[in-house]
Amino acid sequence: MSKQRGAWSPDSSTLNKAQAVMNAAAESGNLYRNGLGMIASENIVSPMVQKIVASDLHGRYAEGLPGKRYYQGCEGFDTIESMGIELARSVFNAPFANIQSTSGTVSNIAALKALAKPGDGITAVSTADGGHISHARMGAVGLRDLNLSTYPWNEERMEPDIDGACELIRSVEPKVALIGQSVFLFPTPLKEIADAAHEVGAKVMYDGAHVLGLIAGGVFQDPLREGADVMTGSSHKTFPGPQGGFLLSSSEDPAFQKRLNTAIFPGVCSSYHLHHVAGKVIALAEFEEYGQAYAEDIIQNAQHFASSLAAEGFDVLAESRGYTASHQVLTRHGGTDSGAGAKAASLLEDAGIVTNMNMLPGDSKALTPSGLRLGVQELTRVGMGPSEMEEVANLYARVLLHGEDPKIVKESVNELKSNHQVIRYCFNDDKLNGYPL
Ligand SMILES: Cc1ncc(COP(=O)(O)O)c(C=O)c1O
């Protein structure tokens, strides 16, 4: 018998599927609530952001820009987006901001659409050296059918070989010189690269996905004043907002700004997840208030964590440069392509510490790398400081150097985390700087 509309109720197996989703989400939440989230691309959002992301806006549509819509019902949202554009311009000190992009990758696709056409050349960091997949032929660069040339890499300094990069740009004369990585320990000396790029008529695109919060907090580098024409980024890594993206530019030229806006809509987005846009706007307002302190604390923690790991006996990369000037720390756990990074990440997860394996210079296989890429931005957000960084480094040593049972170490992990259940650097109902997780 066919089911009647309105009288239908899910049979138990369908309901079980929905229940299984709820249970798995709760399990994932518990892992992070009780453990240590140390994936460099992740963060937690403030209570106000959580609230607005679950608001009615998540079911609504808007296309176009504030005041120029294709749908009715956008008046309230126009206020939100207009405020967000202004806040983004101020927080990132950018003459142009588009806050609609649904992710860092979408921002990159839009930027490449605005800056190049199929068959044009692009220079970027290779994925083996820490470039993002969207900078590669397998990702957005291939989607746009661009001819990719990759910069030579300085392993000692963990940055592009600047002279080599400038030489490459002058010889291949790309339309886009792309800078920025997923493995991003130090600011890139941008001025020389930008000079070479502008000399051959290329635009400079800086992918700040990872370091956007550090840039906005004034503690990393200032790409839009160092020669970048366009800056893309995620809104949820060191910038502590909901998942999404930003597209920013140093250009005051209305025609160029229009090209960037139209690359987003109608280029790569129709409606653009209004609840997340509203969340970004709240995160921008919170950042204006607390962002500088947050960014400073992240850097201090990353440097302290790196030196604490080294003191425990770990092989931490870039010792000669003080290990890191960002939120990231890189550790080597075995020989090239040995898969030791994967094993270390798995043992740490058993102890309630969530990290990701990462290729290091010399590795050639993404699934059997020798390293870990660690981020401290989430631990910083729940109020951990230098003394906790030492404790965390010791927990790593217990698991990875002293062979302790990860399940035993997990008890110490849970205890440490139980004392850090308040989200910092954000507004709360009592106007205090902190809110329960
Ligand atoms: C350098 C870089 N660009 C872009 C992205 C993509 O960002 P999203 O995950 O927001 O699409 C990442 C992701 O980690 C990244 O590392």
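A word on the overall build of the protein
Link 1 in the chain: Counting secondary structure elements, the protein contains 14 helices and 19 strands.
Link 2 in the chain: Reported as C-alpha extents along the three principal axes, the dimensions of the protein are approximately 70 × 60 × 50 Å.
Link 3 in the chain: Counting only residues that meet the buried cut, the protein has 54% of its 437 residues in that class.
Link 4 in the chain: At a minimum sequence separation of 6, the contacts of the protein that also span at least 24 residues come to 73%.
Link 5 in the chain: Accessible area of the protein: about 18600 Å², with a carbon and sulfur share of 50%.
Link 6 in the chain: One finds the centroid of the 35 positive side-chain charges in the protein at a distance of 8 Å from the centroid of its 50 negative side-chain charges.

Quick word on the packing of aromatic side chains
Link 1 in the chain: Under the counting rule described, the total for this entry stands at 12 aromatic pairs.
Link 2 in the chain: Centroid distance Phe-239 to Phe-246: 5.4 Å. Interplanar angle 90 degrees. Geometry classified as edge-to-face.
Link 3 in the chain: On the accessibility criterion, Phe-239 (0% relative accessible area) is buried.
Link 4 in the chain: Judged by centre distance (4.7 Å) and plane angle (40 degrees), the ring pair of Tyr-294 and Tyr-425 falls under tilted. A residue pair is termed long-range when its members are at least 10 positions apart, and Tyr-294 in helix α10 (residues 274-312) and Tyr-425 in the loop between β18 (422-423) and β19 (435-436) qualify at 131 residues.
Link 5 in the chain: Owing to a relative accessible area of 1%, Tyr-294 belongs among the buried residues under this scheme.

Details of the domain arrangement of the protein
Link 1 in the chain: Taken domain by domain, the protein comprises domain 1 (50-284) and domain 2 (290-436).
Link 2 in the chain: Centre-to-centre, using C-alpha coordinates, domain 1 lies 27 Å away from domain 2.
Link 3 in the chain: On the side of domain 2, 27 residues touch domain 1, which itself brings 24 residues to the contact.
Link 4 in the chain: A buried area of about 2100 Å², summed over both sides, lies between domain 1 and domain 2, and 62% of it is on carbon and sulfur atoms.
Link 5 in the chain: Inspection of the region where domain 1 meets domain 2 yields 1 salt bridge.
Link 6 in the chain: Between Arg-321 and Glu-159 there is a salt bridge whose closest N-O contact spans 3.1 Å.
Link 7 in the chain: At the junction of domain 1 and domain 2, the tally comes to 12 residue pairs in polar contact (both at pLDDT 80 or more).
Link 8 in the chain: Every element with two or more residues in the side of domain 1 that touches domain 2 is listed here: α2 (47-53) and α8 (212-216).
Link 9 in the chain: Along the lines of polarity and charge, the residues of the side of domain 1 that touches domain 2 split into 12 nonpolar, 6 polar and 6 charged.

What to know about helix α6 (residues 162-172)
Link 1 in the chain: Along α6, the positions that sit buried rather than exposed are Ile-162, Gly-164, Ala-165, Cys-166, Leu-168 and Ile-169.
Link 2 in the chain: Against β5 (121-124), β6 (147-150), β8 (159-160), β9 (176-179) and α7 (190-199) lie the buried residues of α6.
Link 3 in the chain: Where α6 begins, one side-chain oxygen reaches toward the backbone nitrogen of Asp-163, 3.2 Å away; that side chain belongs to Asp-161.
Link 4 in the chain: Immediately downstream of α6, the backbone of Glu-173 shows phi near 45 degrees, a positive value.

Quick look at the pairing of β5
Link 1 in the chain: Two strands pair when backbone bridges link them, and β5 and β6 are joined in this way by 4 bridges, in the parallel orientation. Bridged to Ile-122 within β6 is Leu-148.

Here's the deal with the site of the ligand
Link 1 in the chain: The local shell around the ligand holds 13 residues, among which Gly-104, Thr-105, Ser-182, Asp-207 and Ser-234 are the closest.
Link 2 in the chain: Here an oxygen atom of the ligand sits 2.9 Å away from a polar atom, N or O, in the side chain of Ser-234.
Link 3 in the chain: Computed on the free molecule, the ligand has an accessible area of 390 Å², of which 86% lies beneath the protein chains in the complex.
Link 4 in the chain: Here the residues of the shell around the ligand are counted per class, giving 1 nonpolar, 10 polar and 2 charged.

What to know about the environment of His-198
Link 1 in the chain: Among the secondary structure elements, His-198 is positioned in helix α7.
Link 2 in the chain: Discounting residues that sit within four places of it in the chain, His-198 has contacts with Val-204, Gly-227 and Asp-229.

Description of the sheet that holds strand β12 (residues 245-249)
Link 1 in the chain: In space, the 7 strands of this open sheet follow the order β4-β12-β11-β10-β9-β5-β6, with mixed pairing throughout. Each edge of the open sheet is held by one strand with a lone partner, namely β4 (96-98) and β6. Each strand axis lies, on average, 20 degrees off the axis of its neighbour in the sheet, ignoring direction.
Link 2 in the chain: Sheet contacts for α7: β9 and β10 (203-207); angle to β10, the most-contacted strand, approximately 145 degrees.

Here we look at the sheet that holds strand β13 (residues 315-316)
Pairing between the strands of a sheet is mediated by backbone hydrogen bonds and can be parallel or antiparallel.
Link 1 in the chain: Across the sheet, which stays open at both edges, the 4 strands sit in the order β13-β14-β17-β16 with antiparallel pairing between neighbours. Only two strands of the sheet have a single partner each, and these edge strands are β13 and β16 (356-358).
Link 2 in the chain: Bridge count for strand β14 (residues 328-332) against strand β17 (residues 371-375) is 5 bridges, and the pairing is antiparallel. Among the inter-strand pairings, Thr-331 is bridged to a residue of β17, identified as Leu-372.
Link 3 in the chain: Seen against the sheet, helix α11 (residues 340-350) touches β16 and β17 and runs at an angle of roughly 45 degrees to β17.

Some thoughts on the packing of helix α13 (residues 386-400) against helix α14 (residues 406-418)
Link 1 in the chain: Direction vectors running N to C along α13 and α14 enclose 170 degrees, while the axes themselves pass 9 Å from each other. With respect to α14, the axis of α13 lies roughly antiparallel. On the side of α13, the interface is formed by Glu-388, Glu-391, Val-392, Leu-395, Arg-398 and Val-399, while α14 contributes Pro-406, Ile-408, Val-409, Ser-412, Val-413 and Leu-416.
Link 2 in the chain: Here the residues of the contact of α13 with α14 are counted per class, giving 8 nonpolar, 1 polar and 3 charged.

The rules behind these values
Residues numbered from 1 in each chain as written. Predicted model: local features only at pLDDT ≥ 70, side-chain atom pairs only at ≥ 80, totals over all residues. Heavy atoms only, no water. Helix = DSSP H or I, 4+ residues; strand = E, 2+ residues; numbered from the N terminus. Buried < 20%, exposed > 50% of the residue type's maximum accessible area, 1.4 Å probe, protein only. Contact = heavy atoms within 4.5 Å. Areas by Shrake-Rupley, 256 points an atom, 1.4 Å probe, with all protein chains shown as cover. Lys, Arg positive; Asp, Glu negative; His and termini not counted. Charge placed at Lys NZ, Arg CZ, Asp CG, Glu CD. Phe/Tyr/Trp six-rings, centres within 6.5 Å; stacked < 30°, edge-to-face > 60°. Domains from an automatic or database assignment. Buried area = accessible area lost by both parts, 1.4 Å probe. Salt bridge = Lys/Arg side-chain N within 4 Å of Asp/Glu carboxyl O. Polar contact = N/O pair within 3.5 Å; in protein donor to acceptor, adjacent residues only side chain to side chain. Nonpolar A, V, L, I, M, F, W, Y, C, P; charged D, E, K, R; others polar. Pairing = 2+ DSSP bridges. Near = heavy atom within 4 Å. Axes fitted to C-alpha atoms, helices over the stretch in contact; angles between N-to-C directions. Parallel < 35°, antiparallel > 145°, perpendicular 65-115°, else oblique.

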